[in-house]
Amino acid sequence: MSAAKRKAADIVVPVEDENDLLKITPLGAGREVGRSCIVLQYKGKTIMLDCGLHAGRSGQGSLPYFDEIDPSTVDVLLITHFHTDHAAAVPFYLEKTSFKGRTFMTRPTKGVFRWLASDYIRVTNTSNAEASALYTEADLISAHAKIEEIDIHQQMEINGIKFTAFNAGHVLGAAMFLIEIAGVKVLYTGDYSREEDRHLVPAENPGVAVNVLITESTYGVQSHQPRVERENAFLKQVRDIVRRRGCCLMPVTALGRTQELLLILEDHWGRNMRELENVPIFFISSLGKKGMYLYEAYIMHMNQRIQRQFNRTGNNPFDFKYIKTRTNLAGVPENGPCVVLASPGMLQSGVSRQLLERWAPRPENGLIITGYSVEGTLARTIVNEPESFPALAGGTVPRRMTVKNISFSAHVDYTQNSTFIDELRAPYVVLVHGEANAMLNLRSNLLDKYKDSDYEIQVFAPHNIDTVRLHFHGEKMARVMGSLASKVPREGDWAAGVLVEKDFNYTLVNPVDLQEFTAVGPVVIEQLLQVPYASTFTLLRHHLEQMFGRLELAKEASGSGKTHILRIYDAIEVSHFSWKQHIEVEWQSNAMNDMVADSVIAVILNIESSPASVKLTQGVCGHSHSHGGDSSEQELPESPKQEVDLKPASASGLVLETEREIVTRAGGSAEVAAKLAAFMQNQFELVEVSDDRKLVNVRLGNANASVHTCSMAVESENPLLKSRVSSIVARVHRTLGSLNHRSEPLPEPEPEQEGLKDKDVTDADGVSGGEDDNEKDIEIKIDVDSDNDDDDDDDDSLSESESIISDQEAPEPSPTDEGAEAPA
C-alpha cells in the first residue's frame, strides 16, 4: 500500500477461551470516512462487510488494508449499498486477489453498482494523469457476474454463517446485515437513515436481541435540521442564486441522494412555474436517462408515496418534466440563470470540477454542497470558503462565488443513532465510518449517557487494522429428535444417542434415526490389516480352526505364487500369500466383526511362540527339505496310524462327550453355568447367569445371546453372535471335563450313561479325562499323508485327518513314535 500504516495496538477484552473470541477488524473506515471494509472472524468463519475506495486518495492508496488478511480465508462478502466508498473495490477484490468466497448485494444495489463502477473507471482513466483505475471494464463484467442477489428480509445460510438483510434507508437498495454465527448475533448498519424522505423507507429495527452492534458515526454528536426546514433552506438558496441571474452548482453523486434533490426541485418548479419557467435545470451524469430507468425498475423497493404515485398515473416519477438530463456539458449555458447538478460529489475531477473552475470567479454564481464531504477532498476544502483553489490544469482559480453547505446526506445524526442504540441495547457497540473527533465524541457521549443506567454497554472506536476482541461463552443446545423425543425427560435424566453437529447446530438422535432426521447416512468401513507372519499356511489354519472351528477355504493362483483365503463366520477374510512375509486380515467394520478380527489377529500374533506350534513342527519330517520348492508350505510330521472305535467328532475333529455327560460330570447345571460364565467374562461386555442357573446370557453391543446350561444350546437373533457363542461353547466342551478332573473327582454318571462310564475325552492338549491316569493311556493320532506331494493336498491334510480317541489299552509307544505324537 502507498499509504503508510500505523502499528496496530489491539483493543483487548479479557478472554477465557480463544475459540470463543469474536474479532472485529476495520480494514477501512476506522476513525475515517471512506473505503469501508470491516472483517468479522468467529469460530473459524470470516465475513467481510463492504469493500470500498477512499474518495480522497488514488490508486493503491485508496484501497482498504487488504494485506492484513488472507483473501482466501474470507467466506462471505456482504455489500450494504452501491456508493463508491462501500462497493467500488469489489471488482479489484474479486478479480485481483485469491478471494474465492461468495458475494452478496440486494437486487437494486447490484443493478446500480454496475454502472457506478463503470463510471469510476471512465472518470479515473480520463481525469487523473498520475493513476489509472484499479481494474478494467473486463474485470468489472467478470466480477459483476459473480455477485449474488439477496432480498430484504431474506435469510441466507452458508457453512454455518446466517445473515439477513434489512432496510437501511440510506439510498435505493441499501441494507443493513444481521449476521449470526454459533448463536452470536452481530448487526452491521452500514450507512443508514431512520428518516423517511420523498422516496425511501427508513431503516428498520430487526426486532431481535443483538450481541454486537457495528454502526456508523459519520455525524458524531451533531443533529440534523428537520427535513421540512432543511428543504426550505435549500430552496431559498437556489432561488436567491437564480434571482441574481447566477449559475447554481450542486456537486452530487450520479445516483443516490441526487434523486431526492431532483424530486424536490421538480416539485418546487411545478408549483412556481410562473417565476421559474425560464430557469433550466440540468442533471449531468454519464448514465444519462439510463440512471432514471434504473430507478423506475426498482420502484417497488421505494416507499408507499412513490408507489402510489406510480400506480395512479402509470408514469415513472423519475421521468422529470422540468429537469433536462445530459451526459456532458452540451447545452449548458455559460451564464445564468440556471441550476446544474453534476457528478462527482467530492469535486475531485469530472464535470462538477470543470463547472466549478468555470463559475467560481463570478460572484453572482453559487455553490451548494448537499452531501457529506470527505476529508482530503476539494469539497471539504471549499466549504471553508478559501480565496482560491488549485486548478486541474495547474495554477489556481480565484473563488468569488458563494458557498453554502446544506446537507441532504442520508446518514443518521446523533439523535437517530443514539435512539437506535437504545432500542437495540446491544452490550457491545463498535463505531466505524466517522472521523476521529466525531467518533470519539460520540463514544464519550454514549458512555456518559448510560453510566448510571441499567444498560451495561461497552463502546469501541478502533483505528484501521486495530482488532476488537470480544469473548462469548458458547453454550451448546442440542435438539432431541426421533425416537429419543418420544419421552419427555425429567430433571436429572440422561439422554444417550448420536450427537450430530452441522453448522454449529446440534441434534441428538437414536442411531437408527440418523438417515431420517439428519444428513448423516450409514457408511461401510472396510478394514485391511497386514500382520507379520513367516510360517506355513497349514500351521495358520490349524490354530484358527482351534479357535473358530472348521473354516471355509478358497485358493487363488497368480504369477507370484499361491494365495489361501480363510473365511471366518462369513465376515473375516484371512489371506496367506506364499511369497509374502505377512498375512492380510480384511473385514467390514462393526462392533461384532471388530471383536472377531481382534481375536483373529491375537491368534496370528501368538502362533510362532505357541507351545502347540513347537510340538506340531518338531520331530522327523515326512518329506524332503529341498529349497527348490515352496518353503512356506511345510507339512506336519507323520504319526503312526492306529485304528480305534470312534465317537461322534466335533467340527474341529475332536471326539466330545454328550452334553448330558458333561453336565453330569461337572456336578449339574449350576456348576456348568458358573464355569461357562467365567470362561465368557473376557469375551463379551456383559455376562449374566439366570437365578435358576439354567441360562447364561451374554451381550455385545445391541445383540444378545443365551446358552442353556443343560443342553448347551445357543439362542440369538444375531447369527454372527450366535456363531461366535457356539464356537466358545464348543471350546468349553473340549476343556470342561479336563478342568474338573484337575480340581476334584467328577460325580458318578447317571444310569442311562452307564455304557460310557469307562470312556473318557481328550482335550486339545492330549490330557486324559479318564478316572485314573495310571489305568488308561490315551493317544491322539494325526494321519498326515506324506506320500502325496501335491501342494493342494498338503494344505488340506490336517483338516481331513481325524483325531482318534481309544478307550482300549494303548501299546507302549516306541522311541521312534515319541517324536510323532502331537496334540490336535
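Residues numbered from 1 in each chain as written. Predicted model: local features only at pLDDT ≥ 70, side-chain atom pairs only at ≥ 80, totals over all residues. Heavy atoms only, no water.

1. Points about the sheet that holds strand β28 (residues 562–568)
The following threshold applies: Criterion used throughout: strands pair if DSSP finds at least two bridges between them. Going along the chain from the N terminus, every DSSP run of H or I of four or more residues is numbered as a helix, and every run of E of two or more is numbered as a strand. As a rule, the C-alpha atoms of each element are fitted with a line to give its axis, helices using only the stretch in contact, and angles between N-to-C directions run from 0 to 180 degrees. Only heavy atoms enter the contact rule, under which two residues are in contact if any of them lie within 4.5 Å.
The five strands are arranged β26-β30-β29-β28-β27 in an open sheet whose pairing can be described as antiparallel. Since the sheet does not close on itself, it has two edges, and those belong to β26 (526–532) and β27 (552–557), each with one partner. When strand polarity is set aside, the average angle formed by the axes of neighbouring strands in this sheet is 20 degrees. Relative to strand β30 (residues 582–588), strand β29 (residues 572–577) runs antiparallel, the two sharing five bridges. Among the inter-strand pairings, I572 is bridged to a residue of β30, identified as W587. The sheet contacts of helix α15 (residues 537–548) involve β27, β28, β29 and β30, and relative to β28 the element is tilted by about 5 degrees. Along the sheet, helix α16 (residues 591–606) makes contact with β26, β28, β29 and β30, crossing β30 at roughly 170 degrees.

2. Some remarks on the side chain of S193
Where we set the bar: Polar contact is the term for a pair of N or O atoms within 3.5 Å; when the atoms are in protein, one must be able to donate a hydrogen and the other to accept it, and sequence-neighboring residues count only if both atoms are side-chain atoms.
Structurally, the position occupied by S193 is in the loop between β10 (184–188) and β11 (212–216). A polar contact is formed between the side chain of S193 and the backbone nitrogen of E195, at a distance of 3.3 Å. The residues touching S193, leaving out its near neighbours within four places in the chain, are A168, G169, H170, P202, A203, A410, V412 and Q416.

3. Quick notes on empty space enclosed by the protein
Which entries qualify depends on this criterion: The distinction between a cavity and a pocket rests on a 1 Å grid over the protein atoms alone: a 1.4 Å probe fits inside a cavity but cannot get out, while a pocket stays open yet meets protein on both sides within 12 Å along at least five of seven lines, and a residue with an atom within 4 Å of a point counts as lining. Grid points are joined across faces, edges and corners, and a volume is the space filled by probe spheres set on the points. We call Asp, Glu, Lys and Arg charged. Ala, Val, Leu, Ile, Met, Phe, Trp, Tyr, Cys and Pro are nonpolar, and the rest, Gly among them, are polar.
Inspection of every chain in the model, using the stated rule, returns six cavities of 30 Å³ or more. Counted as a void, the largest cavity has a volume near 120 Å³. For the lining of the largest cavity, the leading source of residues is helix α5 (residues 227–243), giving three residues. The residue makeup of the lining of the largest cavity, split by class, is three nonpolar, seven polar and seven charged. If you go around the second largest cavity, the residues you meet are I152, N167, A168, G169, V171, L172, G173, A174, L200, V201 and H301. Here the lining of the second largest cavity is built from residues that sort into seven nonpolar, four polar and no charged.

4. Things to note about the sheet that holds strand β5 (residues 102–105)
Strand order across the open sheet formed by seven strands is β6-β5-β4-β3-β2-β1-β22, with mixed pairing between neighbours. Since the sheet does not close on itself, it has two edges, and those belong to β6 (147–149) and β22 (468–471), each with one partner. Pairs of neighbouring strands in the sheet enclose a mean axial angle of 25 degrees, with direction left out of account. Against the sheet, helix α4 (residues 137–146) engages β5 and β6, with an angle of about 40 degrees to β6.

5. Considering the packing of α15 against α16
To keep things clear, this is the line we draw: Each angle is binned into one of four classes, with values under 35 degrees roughly parallel, values over 145 roughly antiparallel, values of 65 to 115 roughly perpendicular, and all other values oblique. Note on convention: the crossing is left-handed when the near helix lies turned anticlockwise from the far helix by less than a right angle, right-handed when the turn is clockwise.
Put simply, α15 and α16 touch, their axes get as near as 10 Å, and they point 135 degrees apart. In terms of their interaxial angle, α15 and α16 are classed as oblique. Between α15 and α16 the crossing geometry is right-handed. Where α15 abuts α16, its residues L540, H543, L544, M547 and F548 lie against V596, S599, V600, V603 and I604. For the contact of α15 with α16, the class distribution of residues is eight nonpolar, two polar and no charged.

6. What to know about the pairing of strand β20 (residues 428–432)
Going by this rule: Exposure categories follow from relative accessible area, calculated using a 1.4 Å probe and restricted to protein chains: below 20% of the type maximum is buried, above 50% is exposed, and the middle band is partly exposed. Think of it like this: strands point away, you trace from the first strand over the helix to the second, and a clockwise trace means the crossover is right-handed.
Across the five residues of β20, five count as buried, placing the element largely inside the fold. Covered by surrounding structure in β20 are Y428, V430 and V432 together with V429 and L431, the residues of both alternating faces. Of the strand pairs in this sheet, β11 and β20 are connected by five bridges, and their pairing is parallel. Its bridge partner lying in β20, I214 is registered against V430. Note: β20 against strand β21 (residues 458–460), three bridges, orientation parallel. If you follow V429 over to β21, its bridge partner there is V459. Since β20 and β21 lie parallel, the crossover through helix α13 (residues 436–449) that links them has a hand, and here it is right-handed.

7. Things to note about α4
Inclusion rule: This arc is taken over the directions from the axis of the helix to the C-beta atoms.
D139, L140, A143 and H144 are the residues of α4 that are buried. Burial along α4 is one-sided: seen end-on, the buried residues are contained in an arc of 130 degrees. What points out from α4, more than 90 degrees from its buried face, is the exposed set A138 and A145.

8. A look at the packing of aromatic side chains
Given two aromatic rings, one states the distance between the centres and the angle between the planes to describe the pair. The line we're drawing: Stacked, tilted and edge-to-face pairs are distinguished by plane angle, under 30 degrees for stacked and over 60 for edge-to-face with tilted covering the rest, among Phe, Tyr and Trp rings (Trp via its six-membered ring) whose centres lie within 6.5 Å.
Under the criterion given, the structure shown has 15 aromatic pairs. Taken together, a centroid distance of 6.3 Å and an interplanar angle of 10 degrees make the contact between F66 and F92 stacked. Of this pair, F66 sits in the loop between β3 (45–49) and β4 (76–78) while F92 sits in helix α2 (residues 90–96); the two residues are 26 residues apart in sequence, bridging distant segments of the chain. Neither residue differs from the other here; F66 and F92 are each classed as buried. Here Y295 and F318 contribute two aromatic rings whose centre-to-centre distance is 5.1 Å and whose plane-to-plane angle is 65 degrees, an arrangement assigned as edge-to-face. Placement of Y295 in helix α8 (residues 289–297) and of F318 in the loop between α9 (304–313) and β14 (323–326) is noted, with a sequence separation of 23 residues between them. Taken individually, Y295 and F318 each receive the classification buried, so the pair is uniform in this respect.

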